[in-house]
Amino acid sequence: MKCAYGAGIMDAFLDGGIAFDYCIGVSGGSGNVASYLAGQRGRNLRFFTDHIHSPDYFGLKSLLKTGDLFGLEYIYGDLTRRDGEDPLDFPALMKNPAEYEVVVTNALTGKPEYYGREMMQQDDYRLIMASSAIPVACHPVELNGTPYFDGGLTDAIPVRRAMERGCEKLVVLLTKNRNYVRKPQGMRGLYRRVCRKYPRIVEAIDRRHEVYNDNLRDVFSLEREGTAFVFAASEPIHVGTYSMKEEAERALYDLGLRDLAARKAELLEFLG
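First things first, this report covers the structure right here in the doc. (Residues numbered from 1 in each chain as written. Predicted model: local features only at pLDDT ≥ 70, side-chain atom pairs only at ≥ 80, totals over all residues. Heavy atoms only, no water.)

What to know about the overall build of the chain
Phase 1 of the analysis: Helix and strand content of the chain: 12 helices and seven strands.
Phase 2 of the analysis: Its C-alpha atoms give the chain principal-axis dimensions of roughly 50 × 40 × 35 Å.
Phase 3 of the analysis: Sorting the 272 residues of the chain into buried and exposed places 55% on the buried side.
Phase 4 of the analysis: Expressed as a percentage of contacts within the chain between residues at least 6 apart in sequence, the contacts between residues at least 24 apart total 71%.
Phase 5 of the analysis: Carbon together with sulfur atoms contributes 50% to the accessible area of the chain, which is approximately 12,800 Å² in total.
Phase 6 of the analysis: Taking the average place of the 35 positive charges on the side chains of the chain and the average place of its 38 negative ones, the gap between the two points comes to 5 Å. (Helix = DSSP H or I, 4+ residues; strand = E, 2+ residues; numbered from the N terminus. Buried < 20%, exposed > 50% of the residue type's maximum accessible area, 1.4 Å probe, protein only. Contact = heavy atoms within 4.5 Å. Areas by Shrake-Rupley, 256 points an atom, 1.4 Å probe, with all protein chains shown as cover. Lys, Arg positive; Asp, Glu negative; His and termini not counted. Charge placed at Lys NZ, Arg CZ, Asp CG, Glu CD.)

Structure (structure tokens):
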């Protein structure tokens, strides 16, 4: 739910005609990037405000119905398919010349993997579901017979992947403030029990704070070198992973719009 900040920045990108050769999304950000590349301004905001009021989106009804706290089939299926309430313009996504990748975590190996539009079809958005499947809160999502969890477990800020794909300048959208430091995951007994079928995922959760903090250090090092332009919320964030407060989500989205506006000239100079 913290990805509402990036949704605001991406809509500001659309307003300003700012495009990129390569885009990579992680977890909720993978869905944001899809709407951005499809040119659907305002669509992401609705998923953080309008649609969260459905009991199928998050909560007890979703848990009882699907076994998942987040209703991934509802969010990226019922709402998103072509006959849904808020369809993704999949043909427009496919026509966009930018390369699009999504990060997922292999539940058997505990390693990050990266896939593009070759893993997606009209109305089949399991790749985005897999990247958003938070362990314990969601079951893993299968892709070609292999179970996957949230990509943020193992490569939350995939700047190195972008550079491997040939990017020379990076624009990075963070979901945390600049001074954020991730702490070890709590409730270890719970996730060890729920994820016992996937010992590599338990290990990934155990070391997630180390991986994330290493990611952040990498990002800020690239920023100092002049390789990365980093957007992080300029005000304290009052939204958590499971927040379902429309007013707070809209405020975070609006902050993204303001932060882009405040740094637009600087960004355009960086992009050349």
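Examining the nonpolar core
Side chains of nonpolar character tend, in soluble globular proteins, to be buried together.
Phase 1 of the analysis: In this structure, F13, L93 and Y100 are the most contacted members of the largest nonpolar core, which totals 69 residues.
Phase 2 of the analysis: The biggest single contributor to this core is helix 1 (residues 4-16), with seven residues.
Phase 3 of the analysis: Contact partners of L93, with chain neighbours within four places excluded, come to A34, L37, A38, L88, Y100, R117 and M120.
Phase 4 of the analysis: One finds I157, V159, V172 and L216 within the second-largest nonpolar core, a separate group that totals 16 residues. (Core = buried A, V, L, I, M, F, W, Y, C linked by side-chain atoms within 4.5 Å.)

What about the pattern of salt bridges?
Phase 1 of the analysis: With the rule as written, the count across this model stands at 20 salt bridges.
Phase 2 of the analysis: Ionic pairing is found between R161 and E164, a salt bridge with its closest N-O pair at 3.9 Å. Here R161 and its partner E164 are both found in helix 8 (residues 159-164), three residues apart, which amounts to about one turn of the helix.
Phase 3 of the analysis: When its relative accessible area of 16% is taken as the criterion, R161 is described as buried. (Salt bridge = Lys/Arg side-chain N within 4 Å of Asp/Glu carboxyl O.)

Comments concerning the layout of surface pockets
Phase 1 of the analysis: The calculated volume of the second largest pocket comes to roughly 190 Å³.
Phase 2 of the analysis: As for the second largest pocket, its lining consists of G67, V136, C138, H139, P140, F149, R193, V194, C195, R196, K197 and Y198. (1 Å grid on protein atoms, 1.4 Å probe; cavity = no way out; pocket = protein on both sides within 12 Å on 5 of 7 lines; lining within 4 Å. Points joined across faces, edges and corners; volume = space filled by probe spheres on them.)

What to know about helix 1
Phase 1 of the analysis: Between its first and last C-alpha atoms helix 1 spans 19 Å; for 13 residues at 1.5 Å apiece the expected length is 18 Å, and the two agree.
Phase 2 of the analysis: In terms of residue burial, helix 1 counts as a mostly covered element, since 10 of its 13 residues are buried.
Phase 3 of the analysis: Within the span of helix 1, buried status applies to A4, Y5, G6, A7, G8, I9, M10, D11, A12 and F13.
Phase 4 of the analysis: Among the structural elements, helix 2 (28-37), helix 3 (43-48), strand 6 (170-173), strand 7 (228-231) and helix 12 (246-271) are those in contact with the buried residues of helix 1.
Phase 5 of the analysis: At the C-terminal side of helix 1, G17 shows a positive phi close to 65°. (Expected span 1.5 Å × (residues − 1).)

What about the packing of helix 1 against helix 2?
Phase 1 of the analysis: Relative to each other, helix 1 and helix 2 sit at 15°, their axes nearing to 10 Å. When the interaxial angle is binned, helix 1 and helix 2 end up roughly parallel. You can see that helix 1 and helix 2 cross each other, and the crossing is right-handed. Where helix 1 approaches helix 2, its residues G6, A7, M10, F13 and L14 are matched on the opposing element by N32, V33 and Y36. (Axes fitted to C-alpha atoms, helices over the stretch in contact; angles between N-to-C directions. Parallel < 35°, antiparallel > 145°, perpendicular 65-115°, else oblique. Left-handed = near helix turned anticlockwise from the far one by under 90°.)

A closer look at the packing of aromatic side chains
Phase 1 of the analysis: Summed over all chains, the structure comprises 11 aromatic pairs.
Phase 2 of the analysis: Relative to Y125, the ring of F90 has its centre 5.8 Å away and its plane inclined at 55°; by these criteria the two rings are tilted. Residue F90 is found in helix 6 (residues 90-95), and its partner Y125 is found in the loop between strand 3 (112-116) and helix 7 (126-131); the two are separated by 35 residues along the sequence. The pair formed by F90 and Y125 is uniform in burial state, with each residue classed as buried. (Phe/Tyr/Trp six-rings, centres within 6.5 Å; stacked < 30°, edge-to-face > 60°.)

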